[in-house]
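One letter stands for each residue in the lines below.
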Amino acid sequence: MKTLKEAKIGDTVTVVKLHGKGAVKRRLMDMGITKGVSVFIRKVAPLGDPVEVTLREYELSLRKADAQMIEIQ
């Protein structure tokens, strides 16, 4: 299982599954991170947190803890 946290800058990946429960999973889905969506990794902060991605034609910054819950391929 590869997660969004492990993706490299410049990669375009597809979301396979969201791990997590309750409000956390709902918040990720509300931000547009759903199964099958393409995500482009734009930047990673110098200390690795946050990760800046582009999906559904907008930019989004995610904490490492949130990126760890997103399974990709």
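Look up a bit, the structure's there.
Residues numbered from 1 in each chain as written. Predicted model: local features only at pLDDT ≥ 70, side-chain atom pairs only at ≥ 80, totals over all residues. Heavy atoms only, no water.

1. Remarks on the side chain of Glu52
Within the secondary structure layout, Glu52 lies in strand β4 (residues 51-55). Filtering out sequence-adjacent residues up to four positions away, Glu52 remains in contact with Phe40, Ile41, Arg42, Lys43, Glu59, Leu60 and Ser61. (Helix = DSSP H or I, 4+ residues; strand = E, 2+ residues; numbered from the N terminus. Contact = heavy atoms within 4.5 Å.)

2. Digging into the environment of Glu52
Between the C-alpha atoms of Glu52 and Arg63, which are eleven residues apart in sequence, the distance is 9.0 Å. Among the polar contacts listed, one links the side chain of Glu52 to the side chain of Arg42, at a separation of 2.4 Å. (Polar contact = N/O pair within 3.5 Å; in protein donor to acceptor, adjacent residues only side chain to side chain.)

3. Here's the deal with the nonpolar core
Counting 19 residues, the largest nonpolar core has Leu4, Ile33, Val39, Val53, Leu62 and Ile70 as its most contacted members. Setting aside residues no more than four positions away along its own chain, Ile70 makes contact with Lys2, Thr3, Leu4, Val15, Lys17, Leu18, Leu28, Ile33 and Leu62. (Core = buried A, V, L, I, M, F, W, Y, C linked by side-chain atoms within 4.5 Å. Buried < 20%, exposed > 50% of the residue type's maximum accessible area, 1.4 Å probe, protein only.)

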